[in-house]
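Read off the chains here:
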Amino acid sequence: MNFLNKNILLCVTGGIAAYKSAEIIRLFKKNGADVRVVMTESAKEFITPLTLQAISGNEIHDSLLDVKAESAMGHIELAKWADIILVAPCTAETIAKITHGRANDLMGAIILASKASVFIAPAMNMNMWLDQSTQENCKKLSSRSISIIGPADGEQACGDIGPGRMVDPENIVELISSSIKIGPLAGKVITITAGPTREQIDPVRFISNNSSGKMGYALAEAAIESGALVNLISGPVSIDTNKSVSLYKINSANEMLEKVDELMPNTDIFIGCAAVSDFKPSHYYENKIKKEDLNVIDIELEKNEDILSHVAKVYKSSYVVGFAAETKNVKENARKKLLNKNLNMIISNDVSDKSIGFDSDQNEVNLITKSESIFLKKDKKIRIAREILKQISLNIN
Ligand code: CTP
């Protein structure tokens, strides 16, 4: 089971099986999910909010009309936050309520407002379950793509024997796991470098380049979508990242190298997308260089370590992907870099074409491995990024 990077909203309603919701939360969390809990008033008669808060590690949400709660994370935010909504236990009353699209409490409003996958795990007396109105309601819910888990047969709290028991937590979580699409890179750790580096000459001047960081950030986003854990080591750019990305801001190539070495022992896939300065000033002036002191200034530059080659050489078990920023003989030069740097894949990029260059939102690339070359025609960087991640997952799985 894998719920890495998944946001799960558990709605607990008032049935005796509510005590099992603690175990459901524990199982989701154990498998990587972030869990938030909504409780109806009657659910609190069966299990305390404090218990579910302690296990989920998040405050319980229980009110649509509480100004304080709504200002912290309101029903619309919760609806958007959730990837998966599970109502467990789900009473007959709740089933009727969802069927009719009622929004007079927090749970109802969230379910109406959300685009998440919704699952319900009914739990009630067998006659209530078998009643025609409950059965008709469930039919309607199924036709709206709400998944109904159970109920199970067996002895009920009231002594009756028949269908109406909530399915066991382990089975509920297992069923949801197999029914949601887990990304092809679930569980993998991907480290990505992005943006330019800055090589300081003195406290106010530096050598850098035109990289916008957009491609690297798009890769980080696509990597999150594919289920991976993502480290993004970024030079100075100001782009928002998905909150699941672990972002490390650096300035110089040396700082980038240090961070890479720190993260690589736990990395499965490395993507070098940064425009790393190839050279840095040999000497750093501690104080600002004053122009009246000099008519001509010679700045000697020395080579920075090639981070990508270093990674391919030292961390042999990782899958290593590079970018080749070229202005002519694009594919040929990229292929040389693939071999010289001993990479698994290289993405060639024609940076002389302004429409797909450094600051553009679009790109057009060739994805080259030792055995194949795939042309990805001009498209948004996020789409190109998704395709790159897809090809990487096909190559490593
Ligand atoms: N790269 C790196 N460290 C460097 C220089 C480059 O990790 N010091 C990586 C880039 O992130 C990219 C790849 O190497 O993935 C190719 O970068 P590019 O600038 O295209 O080529 P260079 O190797 O620097 O060679 P040249 O500038 O001569 O084309």
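Just so you know, these numbers come straight off a predicted model, no measurement behind them.

**Some points on the layout of surface pockets**
Part 1 of the argument: Put simply, the largest pocket is a space of about 830 Å³.
Part 2 of the argument: Contributing to the lining of the largest pocket are 39 residues, with Ala274, Ala275, Val276, Phe323 and Ala325 lying nearest its centre.
Part 3 of the argument: At 4 residues, strand β16 (residues 319-326) tops the list of elements feeding residues into the lining of the largest pocket.
Part 4 of the argument: Classifying every residue of the lining of the largest pocket gives 16 nonpolar, 15 polar and 8 charged.

**Concerning the site of the ligand**
Part 1 of the argument: Around the ligand, 14 residues are found, and the nearest of them are Gly272, Ala274, Phe323, Lys337 and Lys341.
Part 2 of the argument: The contact in question runs from an oxygen atom of the ligand to an N or O atom on the backbone of Gly272, over 2.5 Å.
Part 3 of the argument: When isolated, the ligand has an accessible area of 570 Å², and the protein chains bury 77% of it.
Part 4 of the argument: In this structure the site holding the ligand corresponds to the largest pocket.
Part 5 of the argument: Of all the secondary-structure elements, those providing two or more residues to the shell around the ligand are α12 (307-314) and β16.
Part 6 of the argument: Ranked by residue count, the leading element in the shell around the ligand is β16, at 4 residues.

**Quick notes on the pattern of salt bridges**
Part 1 of the argument: The full count for this structure, using the stated rule, is 14 salt bridges.
Part 2 of the argument: One salt bridge connects Asp202 with Arg205, and the closest N-O pair in it is separated by 2.4 Å.
Part 3 of the argument: What emerges from the salt-bridge pattern is a single network uniting Glu41, Lys44 and Asp62.

**Some words on the sheet that holds strand β4 (residues 117-122)**
Part 1 of the argument: If you trace the 5 strands from one edge of the open sheet to the other, you get β2-β1-β3-β4-β5, paired in parallel fashion. Only two strands of the sheet have a single partner each, and these edge strands are β2 (34-39) and β5 (147-148).
Part 2 of the argument: As judged from the 2 bridges shared by β4 and β5, these two strands associate in the parallel manner. Counterpart to Phe119 in the pairing with β5 is Ser147.
Part 3 of the argument: Across the face of the sheet, helix α5 (residues 92-99) comes into contact with β3 (84-90) and β4 while running at roughly 140° to β3.

**A word on the pairing of strand β9 (residues 199-202)**
Part 1 of the argument: In this sheet, strand β10 (residues 205-207) lies alongside β9 in antiparallel orientation, the contact comprising 3 bridges. Along β10, the bridge assignment pairs Glu199 with Ile207.
Part 2 of the argument: What sits between β9 and β10 in their antiparallel hairpin is a turn of 2 residues.

**Section: the domain arrangement of the protein**
Quoted interface sizes are often the accessible area lost when the parts come together.
Part 1 of the argument: Each assigned domain of the protein is listed here: domain 1 (7-179) and domain 2 (189-396).
Part 2 of the argument: The distance between the C-alpha centroids of domain 1 and domain 2 comes to 44 Å.

**Focus: the packing of aromatic side chains**
Part 1 of the argument: Within the structure shown, the criterion is met by 1 aromatic pair.
Part 2 of the argument: With a centroid separation of 5.1 Å and 90° between ring planes, the pair formed by Phe3 and Phe28 is classed as edge-to-face. A residue pair is termed long-range when its members are at least 10 positions apart, and Phe3 in the segment before β1 (7-12) and Phe28 in helix α1 (residues 21-30) qualify at 25 residues. Neither Phe3 nor Phe28 differs from the other in exposure class; each is buried.

**Quick look at the packing of α5 against helix α8 (residues 132-143)**
Part 1 of the argument: Running from amino to carboxyl end, α5 crosses α8 at an angle of 45°, the nearest separation of the two axes being 9 Å. By the criterion of interaxial angle, the relationship of α5 to α8 is oblique. The two elements α5 and α8 meet at a crossing, and its hand is left-handed. Judged by residue contacts, Ala92, Ile95, Ala96, Ile98 and Thr99 of α5 engage Thr134, Asn137, Cys138, Lys140 and Leu141 from α8.

**Notes on empty space enclosed by the protein**
A probe as big as a water molecule, rolled over the atoms, marks out the empty space that is left.
Part 1 of the argument: The full count for this structure, using the stated rule, is 1 cavity of 30 Å³ or more.
Part 2 of the argument: Lining the largest cavity are His61, Asp62, Ser63, Ala69, Glu70, Met73 and Leu106.
Part 3 of the argument: The greatest single-element share of the lining of the largest cavity, amounting to 3 residues, is contributed by helix α3 (residues 67-73).
Part 4 of the argument: Residue composition of the lining of the largest cavity, grouped by class: 3 nonpolar, 2 polar and 2 charged.

**Details of the state of the cysteines**
Part 1 of the argument: The final tally for this structure, using the stated rule, is 0 disulfides.
Part 2 of the argument: Left unpaired, Cys11 is separated from the closest cysteine sulfur, that of Cys90, by 9.0 Å.
Part 3 of the argument: By relative accessible area, Cys11 is classed as buried at 0%.
Part 4 of the argument: You can see Cys90 has no disulfide; the closest cysteine sulfur is in Cys138, sitting 7.8 Å from it.

**Details of the environment of Glu70**
Part 1 of the argument: As for its position among the elements, Glu70 is in helix α3.
Part 2 of the argument: Measuring from C-alpha to C-alpha, the distance between Glu70 and Leu106 comes to 9.9 Å, with 36 residues separating the pair along the chain.
Part 3 of the argument: Those residues in contact with Glu70 that lie beyond four places of it in its chain are Ser63, Leu64, His75, Glu77 and Leu106.

So, how was this worked out
- Just so you know, the residues in each chain are numbered from 1, in the order the chain's sequence is written.
- In view of the model being predicted, local features appear only for residues whose pLDDT reaches at least 70, and side-chain atom pairs are presented and counted only at 80 or more, with totals across whole chains, interfaces and linings using the full set of residues.
- Where side-chain values are given, they derive from all heavy atoms of the structure, hydrogens and water being excluded.
- Cavity means a closed set of points on a 1 Å grid over the protein atoms alone, one where a 1.4 Å probe fits but cannot get out, pocket means an open set with protein on both sides within 12 Å along at least 5 of 7 lines, and lining means a residue has an atom within 4 Å of a point.
- Grid points are joined across faces, edges and corners, and a volume is the space filled by probe spheres set on the points.
- Runs of E in the DSSP output that reach at least two residues are strands. Runs of H or I that reach at least four are helices, and both are numbered from the N terminus.
- Note on residue categories: nonpolar means Ala, Val, Leu, Ile, Met, Phe, Trp, Tyr, Cys or Pro, charged means Asp, Glu, Lys or Arg, and polar means any other residue, Gly included.
- A single heavy atom is enough: if one lies within 4 Å of a molecule or strand, its residue is considered near that molecule or strand.
- Whenever two N or O atoms come within 3.5 Å, that pair is a polar contact, provided that in protein one can donate a hydrogen and the other can accept it, and provided that, for residues adjacent in sequence, both atoms are side-chain atoms.
- Accessible surface is estimated by sampling points in the Shrake-Rupley manner with a 1.4 Å probe; for residues, cover comes only from the protein chains shown.
- Assignment of a molecule to a cavity or pocket requires that more than half of its atoms lie within 2 Å of the corresponding grid points.
- Basic side-chain nitrogens of Lys or Arg form a salt bridge, by our definition, when they fall within 4 Å of a carboxyl oxygen of Asp or Glu.
- DSSP bridges decide pairing: two strands pair if at least two such bridges lie between them.
- Any two residues having at least one pair of non-hydrogen atoms within 4.5 Å are treated as being in contact.
- Lines are fitted to the C-alpha atoms to define the axes, a helix being fitted only along its stretch in contact, and any angle between axes, read from their N-to-C directions, falls within 0 to 180 degrees.
- Domain borders in the structure are assigned automatically or taken from a domain database.
- Each Phe, Tyr or Trp ring, with Trp reduced to its six-membered ring, pairs with another whose centre is within 6.5 Å; inter-plane angles below 30 degrees give stacked pairs, above 60 give edge-to-face pairs, and intermediate values give tilted ones.
- For the exposure calls, accessible area comes from a 1.4 Å probe over protein chains only, and a residue counts as buried if that area is under 20% of its type's maximum, exposed if over 50%, partly exposed in between.
- Should an angle lie under 35 degrees it is considered roughly parallel, over 145 roughly antiparallel, and from 65 to 115 roughly perpendicular; all remaining angles are considered oblique.
- Put simply, a crossing is left-handed when the front helix is turned counterclockwise from the back one by less than a right angle, and right-handed when it is turned clockwise.
- Disulfides are defined in this document as cysteine sulfur pairs within 2.5 Å.

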